[in-house]
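Fold and geometry: a report
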Amino acid sequence: YGDGKGCIQNSEKAKYWYEKAISNGEYEAARRLGNDYQRGWQGFDVDVTKAFRIFKIGVEADHDGCLEAMESLLSDEYIPGLVPGESERMQKKCLERRAQKGDKYAIASLGNSLMNGYRPFEEDKERAILCFEQIVGKEEGNSTLDHNLDLALLYIELRKTEKYDQLIPCLQRAAQFHNTEYYKGWIDHTYGVIYRDALSVQKDLSKAHDYFLSALEKGFEPAKEDLSHFKKGFFGWKLV
């Protein structure tokens, strides 16, 4: 009835059968009906409050589709009538539950939020590392899931010396997913840091300088500051 397949489209009849399905434990119907109210699909009037109430039924039943739909709704819409903080609490609950259930996209999103302190999460880079470690090497060609560079940068920032042997493998994988000059420059800059600071490799200022220069040529401006500390001496590059 919602799509008008083999019948005249009728949103009221669609609503009746969706609600009947929900009452019998078919929570995919909650995702579909909630989407219709959120988006105004299939002849439904947009009503984000109804969408919230319907998605919540599926969320309480731990339905994957409703968890994702609720998170999307709360990140996009203001829901009238919610008590202060309820929207953020529900959004966190949905994303963390999806991640807990092994959804790679949720794990990537959670890690990114924790790394950067994006609402509704507070910054927690230790937890971000744990998230990214679950998905690196399992991207299956999907750049959306690539957080290899983020993981390498977090290892360096938080001085995870026991993880330094993973720095170059992380950067090698990161290079497979992105073609933009800026991103490649960021990778080159990180190689420069690794060789300048001898992170799991022998210190090599010549290589470090070349990587920083390559990063700057690709448009990664922070490399300019690093290059300013290099001075050519009689025996090669030195830091000043």
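Cut-offs and rules
Residues numbered from 1 in each chain as written. Predicted model: local features only at pLDDT ≥ 70, side-chain atom pairs only at ≥ 80, totals over all residues. Heavy atoms only, no water. Phe/Tyr/Trp six-rings, centres within 6.5 Å; stacked < 30°, edge-to-face > 60°. Buried < 20%, exposed > 50% of the residue type's maximum accessible area, 1.4 Å probe, protein only. Helix = DSSP H or I, 4+ residues; strand = E, 2+ residues; numbered from the N terminus. Polar contact = N/O pair within 3.5 Å; in protein donor to acceptor, adjacent residues only side chain to side chain. Expected span 1.5 Å × (residues − 1). Arc of directions from axis to C-beta. Contact = heavy atoms within 4.5 Å. Patch = residues over 30% accessible without salt bridge, like charges linked within 9 Å, V, L, I, M, F, W, Y side chains within 5 Å. Areas by Shrake-Rupley, 256 points an atom, 1.4 Å probe, with all protein chains shown as cover. Salt bridge = Lys/Arg side-chain N within 4 Å of Asp/Glu carboxyl O.

The next thing to look at is the packing of aromatic side chains. A complete count under the given rule lists 11 aromatic pairs for this structure. Ring centres of Tyr-16 and Trp-17 lie 5.0 Å apart, and the angle between their planes is 85°; this geometry places the pair in the edge-to-face category. Of the residues examined, Trp-17 reaches a relative accessible area of 46% and is grouped as partly exposed. Look at Phe-234 and Phe-235: their rings are 5.0 Å apart centre to centre, the planes differ by 85°, and that puts the pair in the edge-to-face class. Look at Phe-234 and you get exposed, because its relative accessible area is 77%. Among the aromatic side chains, those forming a connected cluster through ring pairs are Tyr-182, Tyr-183, Trp-186 and Phe-220.

Another aspect to go through is the environment of Asp-146. Positionally, Asp-146 belongs in the loop between α7 (125-135) and α8 (148-157). The exposure class assigned to Asp-146 is buried, which follows from its relative accessible area of 6%. Placed 13 residues apart in sequence, Asp-146 and Glu-133 show a C-alpha to C-alpha distance of 11 Å. Looking at Asp-146, its side chain comes within polar contact range of the side chain of His-178, at 2.9 Å. Polar contacts involving the side chain of Asp-146 include one to the side chain of Tyr-183, which spans 3.4 Å.

With that out of the way, let us pick up helix α1 (residues 11-23). Over its 13 residues, α1 extends 18 Å from the first C-alpha to the last, a length consistent with the 18 Å expected when each residue adds 1.5 Å. Every buried residue of α1 is accounted for by Ser-11, Ala-14, Tyr-18 and Ile-22. Taken end-on, α1 shows its buried residues confined to a sector of 70°, consistent with a single buried face. Across α1 from its buried face, at more than 90 degrees, point the exposed residues Glu-12 and Ser-23. In this fold, the buried residues of α1 make contact with α2 (28-39) and α3 (48-60).

A contiguous nonpolar patch, built from Tyr-1, Tyr-16 and Trp-17 and spanning about 360 Å² of accessible area, is present on the exposed surface. Position of Tyr-16 relative to the elements: it lies in helix α1. Assessed through its relative accessible area of 47%, Tyr-16 is described here as partly exposed.

Now for the pattern of salt bridges. Here the structure, examined in full by the defined rule, presents 21 salt bridges. Note that Arg-98 is salt-bridged to Asp-103, the shortest N-O span being 3.3 Å. Arg-98 gets classed as buried once you look at its relative accessible area, which sits at 8%. For Arg-196, the salt bridge identified is with Asp-197, shortest N-O distance 2.8 Å. Taking relative accessible area as the criterion, Asp-197 reaches 38% and is therefore assigned partly exposed. Overlapping salt bridges, with partners in common, bring together Asp-62, Asp-64, Arg-97 and Lys-101 in one network.

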